Amino acid sequence: MILPVLPLPRLIFGLGAVSSLRDELRLLGVRRPLLISDRGLEKAGAVATLVRALPDPAAHYLDVPENPTAAGADGGFAAYREGGCDGVVAVGGGSVLDSAKIVAALAAGGVARAADLLGKSDLVGPGTAPLIALPTTVGTGSDSSPVAALHLVAGGPASGTRSPHLVPRVAILDPGLARTLPPRLVAATGIDALSHCVEGFFSEPANPIVDALALDGLARAYANVKRATEPDADEARGAMMLAAFAGGAGIHKTLGPAHAIALTCSDQHVHHGLLIAVALPFTVQLVSRHATAKADRLAAAIGLSHGTDLAEALRGLVRSLGLPASLKELGYQAGSIDAMAEDMVASPFNRASPYKPTKAEYATILGDLLA
């Protein structure tokens, strides 16, 4: 079997790892990096921490919206050009990191607007600007994944672009950057990281490197996400950052039905991790019945004897974190169940799943989630 290429970033991990930023930029030959972040992290002091670690001069773009948009990435690219930049440093959650990926891709030339790049992997080439990712959440996996997802318009559905050229050159995982993350956001992004490990492992074909990382990431996430929501939890948040990195590697294989549900329901201002939290126990229960050997290995990674126990264990974890268990609890306003189920069946997230739910099965899950 010929395994596909698996580009992963150079990984720098540990409390205080942000201090390595200047050396990493020097290794990449980057002299004028654009710092991309958001206003929330500016207020929290994370941007000031990065500015102290950056070489002078450096340009800044801090207007990435909470739900990333094509317009936000265009603003970042304008700052990149105006600053005469030659690389990108992104500090933030998935919204910031995904926006930075698109800015880095636009820097290659050929495409002038983010909207023209989304969904068109063939337009992302080797000229992508060097990108260093510093995640401040514990779940998206964008620091190691080949995917960037933005909303063409605010409040509209997300559109993803996949390319090995979108993988950051360096990922700096410093638990100190996640200290100000609210407990609920730790929980939501942590479940997202766990889902990447689970669905990445389920995905076909098997890849021994990705699968080993996914099992390790699942074990770390399951053991540490609850502790990571508590104060003074640098060790647990560090473990979650590693789990998120492993989950990002899982995205190289593609994800699964829980993400098909989350993508369809991304048309309203509901956090992605919360959508995953409500969907994952239902989809894992369904897929596990058709991929028993893989379900057994996932279950064993978290100390369970049988794959049939996996979905209920995940449901219990979500409950223990105090996260909503249904779309109704999230305040999601559903339209036509039939149309939503049809959209889920058509999702690209189904293509690598060992079992692809039918339209009727998606409709049944939706009914349960909305009850």
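Everything in this summary refers to the structure shown in the same document. (Residues numbered from 1 in each chain as written. Predicted model: local features only at pLDDT ≥ 70, side-chain atom pairs only at ≥ 80, totals over all residues. Heavy atoms only, no water.)

## Details of the overall build of the chain
- The number of helices and strands found in the chain is 14 helices and eight strands.
- Against the 2.2 N^0.38 benchmark of 21 Å for 371 residues, the chain shows a C-alpha radius of gyration of 19 Å, consistent with a compact globule.
- In terms of its C-alpha atoms, the chain occupies a principal-axis envelope of roughly 55 × 45 × 40 Å.
- Here the chain, with 371 residues, has 57% of them falling under the buried criterion. (Helix = DSSP H or I, 4+ residues; strand = E, 2+ residues; numbered from the N terminus. Rg over C-alpha atoms; globule rule 2.2 N^0.38 Å. Buried < 20%, exposed > 50% of the residue type's maximum accessible area, 1.4 Å probe, protein only.)

## Brief notes about unusual backbone geometry
- Residue P205 is bonded to the preceding E204 through a cis peptide linkage, with omega at -5°.
- For P205, the position within the fold is in the loop between helix 6 (183-202) and helix 7 (208-228).
- In this structure, D232 is a non-glycine residue whose phi angle is positive, near 50°.
- Relative to the helices and strands, D232 is located in the loop between helix 7 and helix 8 (234-251).
- Non-glycine residue T254 carries a positive phi angle of around 90°.
- Its location among the elements puts T254 in the loop between helix 8 and helix 9 (257-264).

## Some thoughts on the packing of aromatic side chains
- Here the structure, examined in full by the defined rule, presents one aromatic pair.
- Here K294 stacks its cationic end above the ring of F201, 5.6 Å away from the centre of that ring. (Phe/Tyr/Trp six-rings, centres within 6.5 Å; stacked < 30°, edge-to-face > 60°. Lys NZ or Arg CZ within 6 Å of the ring centre and 35° of its normal.)

## A short note on the packing of helix 6 against helix 7
- One can describe the packing of helix 6 onto helix 7 by two numbers: an axis separation of 8 Å at closest approach and a directional angle of 160°. As judged from the angle between their axes, helix 6 and helix 7 are roughly antiparallel. The two elements helix 6 and helix 7 meet at a crossing, and its hand is left-handed. Contacts between helix 6 and helix 7 involve V186, A187, G190, L194, C197, V198, G200 and F201 from the former and D211, A214, L215, G217, L218, A221, Y222, V225 and A228 from the latter.
- In terms of residue class, the contact of helix 6 with helix 7 is made up of 13 nonpolar, three polar and one charged. (Axes fitted to C-alpha atoms, helices over the stretch in contact; angles between N-to-C directions. Parallel < 35°, antiparallel > 145°, perpendicular 65-115°, else oblique. Left-handed = near helix turned anticlockwise from the far one by under 90°. Contact = heavy atoms within 4.5 Å. Nonpolar A, V, L, I, M, F, W, Y, C, P; charged D, E, K, R; others polar.)

## A few points about the packing of helix 6 against helix 8
- Across the interface, helix 6 lies against helix 8 with an axial gap of 8 Å and an inter-helix angle of 40°. Comparing their axes, helix 8 and helix 6 come out oblique. Note that helix 6 runs across helix 8; the crossing there is left-handed. Where helix 6 approaches helix 8, its residues V186, G190, A193, H196, C197 and G200 are matched on the opposing element by R237, M240, A243, A244, A246, G247, G250 and I251.
- Looking at the contact of helix 6 with helix 8 residue by residue, the classes come out as eight nonpolar, five polar and one charged.

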